[in-house]
Each structure stands twice: as C-alpha cells, then as structure tokens.
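An overview of the molecular structure
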Amino acid sequence: MAQLSTHLHFAKLVIENIQDDIEVPPFLLGITAPDTYTNNKTYLKYHYIKDRDNGDDDIDVHEFYEKFNFNKLSKSLKWFVIGYYAHLWFDEYIKFNTNRLTLRNNEGLEDKELSQCIRDLFKHYDRQITEDYYDNTMKKNIENYKLILNLKPLKFIKIDRCKEALLAELSKGPVNDIKEGLIYEEDYLKLIDSSVIKFLKSLN
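So, a few notes on the structure that sits alongside this text. (Residues numbered from 1 in each chain as written. Predicted model: local features only at pLDDT ≥ 70, side-chain atom pairs only at ≥ 80, totals over all residues. Heavy atoms only, no water.)

**Some thoughts on unusual backbone geometry**
Among all residues except glycine, the phi angle is most often negative; among peptide bonds, the trans geometry is most common. Despite not being glycine, Tyr48 has its phi angle at roughly 50°, a positive value. Within the secondary structure layout, Tyr48 lies in the loop between α3 (40-46) and β1 (49-51). For Asp177, which is not glycine, the phi dihedral falls at a positive 55°. As for its position among the elements, Asp177 is in the loop between α8 (159-171) and α9 (185-202). Looking at Asp177, the relative accessible area reads 62%, which means it is exposed. (Helix = DSSP H or I, 4+ residues; strand = E, 2+ residues; numbered from the N terminus. Buried < 20%, exposed > 50% of the residue type's maximum accessible area, 1.4 Å probe, protein only.)

**Here's the deal with the pattern of salt bridges**
As enumerated under the stated definition, the model contains six salt bridges in all. Note that Lys78 is salt-bridged to Asp20, the shortest N-O span being 3.1 Å. With Lys78 in helix α5 (residues 75-97) and Asp20 in the loop between α1 (4-17) and α2 (24-32), this pair connects stretches of sequence that are 58 residues apart. Residue class for Lys78 comes out partly exposed when judged on its relative accessible area of 22%. A relative accessible area of 40% places Asp20 in the partly exposed class. One salt bridge in this structure joins Glu107 and Lys179, with 3.5 Å as the shortest N-O distance. Taken together, the residues span a long stretch of sequence, with Glu107 in the loop between α5 and α6 (111-130) and Lys179 in the loop between α8 and α9 at a distance of 72 residues. By relative accessible area, which is 56% here, Glu107 ends up exposed. Given a relative accessible area of 19%, Lys179 falls into the buried group. (Salt bridge = Lys/Arg side-chain N within 4 Å of Asp/Glu carboxyl O.)

**Structural notes on the nonpolar core**
Among the nonpolar cores identified, the biggest contains 72 residues, and Phe27, Leu28, Phe80, Tyr84 and Leu154 are the most heavily contacted of them. Contributing elements (two or more residues each) for this core: α1, α2, α4 (61-65), α5, α6, α7 (136-144), α8 and α9. For Phe27, the residues in contact, after removing those within four places along its chain, are Ala11, Val14, Ile15, Ile22, Trp79, Phe80, Ile82, Gly83 and Ala86. (Core = buried A, V, L, I, M, F, W, Y, C linked by side-chain atoms within 4.5 Å. Contact = heavy atoms within 4.5 Å.)

**A closer look at α2**
An α-helical turn contains 3.6 residues, so any two residues separated by three or four positions project in the same direction. Among the nine residues that make up α2, nine are buried, leaving the element largely enclosed by the rest of the structure. Among the residues making up α2, those that are buried are Val24, Pro25, Pro26, Phe27, Leu28, Leu29, Gly30, Ile31 and Thr32. Those residues of α2 hidden inside the fold are in contact with α1, α5, α7 and α8.

This is how it looks when you write it as structure tokens:
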C-alpha cells in the first residue's frame with residue numbers, strides 16, 4: 001500500500017487536473033481516512049480488503065464506489081467519498097504497478113533496511129512535489145473544516161482522526177539520509193503522473 005505522503009502527492013495531481021468543481025478539504029480528508037485505522041482488523045475494514053485469510057488481499061474498489069448515490073450526496077460528502085475511493089483506487093494502482101520501477105540496491109542493503117530506505121526516498125520525492133502546495137493556508141482550511149459524516153458505509157470513520165492524521169503528515173519535516181540511487185526520481189514521478197488520467201477516467 002502507498003504511504004500517506006504518496007497519497008497526498010497523488011491528490012495534488014488529481015486536484016490540479018480534474019475538470020469537476022472539486023471541494024478540496026473533504027477530498028483530502030477522504031483520501032486520508034483509510035489510513036486512520038488503529039490495528040490490523042480495522043486496517044482490513046477501512047481498506048475494504050476482500051478476504052486476506054484466504055490469501056486474497058485485493059481491495060473492493062468498485063464495490064465501494066457503487067455503495068453511494070452521488071446525486072443524493074451534498075457536495076462535501078461527495079468529495080469526501082471520492083477522496084476515500086481515490087485512496088483505495090491508488091493503493092491498488094501502486095500494488096500492481098511498482099514493478100515498473102527499477103531498484104538499484106548497489107549497497108546490498110538487507111530487506112528491512114532496504115524497505116525503510118525506499119519508503120524514506122518516496123516520502124522525500126513526494127514532499128518535493130507537495131511542500132509548497134500544502135501551505136499554512138491549506139492547513140488552516142483543513143483544521144477549521146466542519147463535516148458531519150452521516151454515511152452508513154463509513155460510519156466507522158471519525159473526521160477528527162482524519163484531520164489529525166492529515167495535519168500531522170503535512171507538518172512533518174524533511175527526511176534525512178536519502179539514498180536517491182535506489183530508484184530514480186524521474187521514474188517514480190512518471191509512475192505517479194501516469195495514475196491520474198486512469199483515475200479520472202474511473203470516475204466517469
């Protein structure tokens with residue numbers, strides 16, 4: 001699954017490219033919501049995992065999307081749900097497309113250290129794209145945003161926890177000791193960029 005910094009990188013690109021009249025705060029809260037789980041059980045629930053016990057860890061992306069009649073939702077609720085859907089959709093995209101990236105482990109890092117270094121590297125690349133976009137004005141808008149989430153399929157989500165997780169991610173400082181040779185920035189950015197058109201088509 002993609003980490004939250006990468007979801008916010010993806011979210012920025014969606015906001016900049018979508019033709020619809022998007023409401024940004026609920027979209028960002030929605031895209032954060034699946035990562036507010038507290039344990040493995042809630043992780044599965046929040047990510048609409050099918051049946052991990054039987055080796056199936058795919059997300060029911062389309063089933064989730066079809067739970068909602070967007071014509072009956074307020075604008076704010078609509079964009080929260082689309083944000084949530086965007087998170088699930090993007091997780092599946094990353095799962096099936098990261099094999100397009102070339103890994104260059106020239107230092108022979110062990111699996112655990114290598115995994116952490118890749119996460120740090122991706123976070124570094126993400127923040128170079130998003131740090132100026134998610135400025136203090138954006139953070140203040142999110143902090144002050146009010147939304148009553150009265151949707152049965154998402155009754156387990158708490159807006160305050162979404163705000164807390166989102167603002168915490170946006171307030172984190174730079175990542176140190178980056179190993180940029182592991183995966184080239186150009187290749188990583190191309191992977192994220194190519195997801196946007198596919199995602200926007202999925203909304204039609």
